[in-house]
Amino acid sequence: MDLDRSLSAYDYTLPETQIAQNPAHPRDHSRLMVISDRSQHRHQHFYELEQFLQPGDLLVMNNTRVIPARLYGHKPTGSQVEVLLLEEKSPNQWLALVKPGRKLQPGAVIEFTPIAPQNTSVQLAATILDRDSATGGRLLEFRTATNQSLLEVIEQYGHMPLPPYIQDSQSTPEQYQTVYGDRLGSAAAPTAGLHFTPELLERLTQKGVDRTFVTLHVGVGTFRPVEVEDITQHEMHGEWIEVPAETVEKVRQTQINGGRVIAVGTTSARSLEGASQRSGKLEPYCGKTEIFIYPGYDWKTVDGMITNFHLPKSSLMMMISALIGRQRLLDLYAEAIRENYRFYSFGDAMLILPEAKI
């Protein structure tokens, strides 16, 4: 089998001490590995990003905002239940992962515990409607005595859904949000965007670097593990994206003027390429994408990317490999480990600029 299509070829060993438990403070003081495809790379800091971008470049950012998607409750029998919201299917109906899943079958009722019971009079409950075979999750219908929607009361019940590898964090909920996210609905942060500060964004604007937005509410499609050795047999779970006409026009003008379209994060890249899939060029789109990007992929819109360091054998590693090559990525990860970079959601970043002279 071609190594680029073999799951085991995307494996690496990371010391646990390099899994970031807290974000950099300030946000833009994380480290930044700047990479071209000419076997060149440099070690910088994120606040130096403007040195490597040019007037006329366009940053495409995911404006999703994380909801406090982890809820705790109990069945009428008193048994404890944990729920992680993944995706809103219709008003007050959500796809979610539940623990213990085996004992929560359709018809079961969960009553949720507010964060501060003394400060809320809103009661929240959900009924399990169905099982989702693709994710192993459940479809839940939420209800309150006041007929408010889940998103209207979730701040009173929900906890920020930090990834399971973050076990000892002193971060605040706001540190797991980008400074520009304003579209509620994500189960995880688009972590490449966590490095930006308002001051850095203003400096980029002053330099002539433009920005625009897409929306992808991060769910199971982004972090679902690849479990088949032949990665071409992996089925991506669809995720809802929105690429508005304004973004399409900004991308078009950037391309006409010779600028670079740089995706801030794999979710922005997935949105742009997903919306380019039907005709081979970027078009306005609102709906699901199941696009799976791995080596051999012909990029339609994205010229470069800002991204964090990802988990072994993840679809995100495969996407980055499609941009700069699997072996080169593994070599850069090995150097990042030697140089004591911090990995994963609160970790350091890469700026990938294929063809650039750095």
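Residues numbered from 1 in each chain as written. Predicted model: local features only at pLDDT ≥ 70, side-chain atom pairs only at ≥ 80, totals over all residues. Heavy atoms only, no water.

Q: I'd like a rundown of the pairing of strand 6 (residues 80-90), residues and numbers included.
A: As judged from the 5 bridges shared by strand 5 (residues 70-74) and strand 6, these two strands associate in the antiparallel manner. Each bridged residue has a counterpart across the sheet, and for Arg70 the counterpart in strand 6 is Leu84. With antiparallel pairing between neighbouring strands as the criterion, strand 5 and strand 6 make up a hairpin whose turn holds 5 residues, including Gly78 at a positive phi of roughly 100 degrees. As judged from the 7 bridges shared by strand 6 and strand 7 (residues 93-99), these two strands associate in the antiparallel manner. Residue pairing across strands places Val83 opposite Val98, the latter belonging to strand 7. (Pairing = 2+ DSSP bridges. Helix = DSSP H or I, 4+ residues; strand = E, 2+ residues; numbered from the N terminus.)

Q: Give me the sheet that holds strand 1 (residues 31-35): which residues, what numbers.
A: What links the strands of a sheet is backbone hydrogen bonding, and the strands pair in either a parallel or an antiparallel sense. The 9 strands are arranged 2-1-17-16-14-3-12-13-15 in an open sheet whose pairing can be described as mixed. In the strand order of this sheet, the two ends are held by strand 2 (41-45) and strand 15 (285-289), each with one partner. In this sheet, adjacent strand axes meet at a mean angle of 25 degrees when their direction is disregarded. By the bridge criterion, 5 bridges tie strand 1 to strand 2 in an arrangement that is antiparallel. Its bridge partner lying in strand 2, Leu32 is registered against Gln44. The sheet contacts of helix 4 (residues 245-256) involve strand 3 (58-62), strand 12 (210-216), strand 13 (239-243) and strand 14 (261-264), and relative to strand 12 the element is tilted by about 140 degrees. Against the sheet, helix 6 (residues 315-324) contacts strand 16 (304-308) and strand 17 (349-352), and its axis sits at roughly 145 degrees relative to strand 16. (Axes fitted to C-alpha atoms, helices over the stretch in contact; angles between N-to-C directions. Contact = heavy atoms within 4.5 Å.)

Q: Any chance you could break down unusual backbone geometry for me, citing the residues and the numbers?
A: Of note, the amide linkage connecting His25 to Pro26 takes the cis form, showing an omega dihedral of -5 degrees. Turning to its location among the elements, Pro26 is positioned in the segment before strand 1. Geometrically, the link from Lys99 to Pro100 is a cis peptide bond, its omega value of -5 degrees lying close to zero. By the secondary structure assignment, Pro100 is in the loop between strand 7 and strand 8 (109-112). One non-glycine residue, Asn147, lies in positive phi territory at about 65 degrees.

Q: Give a description of the packing of helix 5 (residues 266-275) against helix 6 that names residues and reports values.
A: Running from N to C, helix 5 and helix 6 point in directions that differ by 65 degrees, and their axes come no closer than 11 Å. One finds that helix 5 runs roughly perpendicular with respect to helix 6. The chirality of how helix 5 crosses helix 6 is left-handed. From helix 5, Thr266, Ala269 and Arg270 reach across to helix 6, where they touch Leu316, Met319 and Ile320. Residues that form the contact of helix 5 with helix 6 fall into these classes: 4 nonpolar, 1 polar and 1 charged. (Parallel < 35°, antiparallel > 145°, perpendicular 65-115°, else oblique. Left-handed = near helix turned anticlockwise from the far one by under 90°. Nonpolar A, V, L, I, M, F, W, Y, C, P; charged D, E, K, R; others polar.)

Q: How would you summarise the side chain of Arg328 if you had to cite specific residues and measurements?
A: Summarising the element assignment, Arg328 is placed in helix 7 (residues 326-338). A relative accessible area of 17% means that Arg328 is categorised as buried. Of note is the side chain of Arg328, whose polar atom sits 2.9 Å from the backbone oxygen of Gln40. Residues contacting Arg328, with those up to four places away along its chain left out, are Ile35, Ser36, Asp37, Arg38, Ser39, Gln40 and His41. (Buried < 20%, exposed > 50% of the residue type's maximum accessible area, 1.4 Å probe, protein only. Polar contact = N/O pair within 3.5 Å; in protein donor to acceptor, adjacent residues only side chain to side chain.)

Q: A description of the packing of aromatic side chains should follow, citing residues and the corresponding values.
A: Aromatic rings considered in pairs are described by the distance between their centres and by the relative angle of their planes. In total, this model carries 15 aromatic pairs according to the counting rule given. Arranged with centres 5.7 Å apart and planes meeting at 90 degrees, the rings of Tyr333 and Phe343 form a pair that is edge-to-face. With Tyr333 in helix 7 and Phe343 in the loop between helix 7 and strand 17, the pair connects residues that are 10 residues apart, well separated along the chain. With relative accessibility at 1%, the residue Tyr333 sits in the buried group. Ring-pair connections join several aromatic residues into one group, and the members of that group are Tyr12, Tyr165, Phe309, Tyr333, Tyr341, Phe343 and Tyr344. Note that Arg31 overlies the ring of Tyr341, its terminal NZ or CZ placed 4.0 Å from the centroid. (Phe/Tyr/Trp six-rings, centres within 6.5 Å; stacked < 30°, edge-to-face > 60°. Lys NZ or Arg CZ within 6 Å of the ring centre and 35° of its normal.)

Q: Explain the nonpolar core residue by residue, including any values.
A: With 62 residues, the main nonpolar core has Trp299, Phe343 and Met350 as its most contacted residues. Counting residues per element, this core draws most heavily on helix 6, at 7 residues. Residues contacting Phe343, with those up to four places away along its chain left out, are Tyr12, Leu14, Gln18, Ile19, Ala20, Phe309, Tyr333, Ala336 and Ile337. (Core = buried A, V, L, I, M, F, W, Y, C linked by side-chain atoms within 4.5 Å.)

Q: Would you mind going over the pairing of strand 10 (residues 137-144) in detail, with residue names and values included?
A: Two strands pair when backbone bridges link them, and strand 7 and strand 10 are joined in this way by 4 bridges, in the antiparallel orientation. Bridge pairing in strand 10 links Ala96 to Arg138. Bridge count for strand 9 (residues 124-132) against strand 10 is 8 bridges, and the pairing is antiparallel. Bridging from a neighbouring strand, Ala125 pairs with Arg143 of strand 10. Between strand 9 and the antiparallel strand that follows it, strand 10, lie 4 residues; Gly136 among them carries a positive phi value of about 75 degrees.

Q: Describe helix 2 (residues 198-207), and please don't skip the residues or the numbers.
A: Turning to helix 2, its buried residues number three or more, namely Leu200, Leu201 and Leu204. The buried residues of helix 2 occupy an angular sector of 100 degrees when the element is viewed end-on, so they sit on one face. Residues Pro198, Glu199 and Gln206 are exposed on helix 2 and point more than 90 degrees away from its buried face. Considering only its buried residues, helix 2 is in contact with strand 3 and strand 12. Directly after helix 2, the chain includes Gly208, whose backbone phi takes a positive value near 100 degrees. (Arc of directions from axis to C-beta.)

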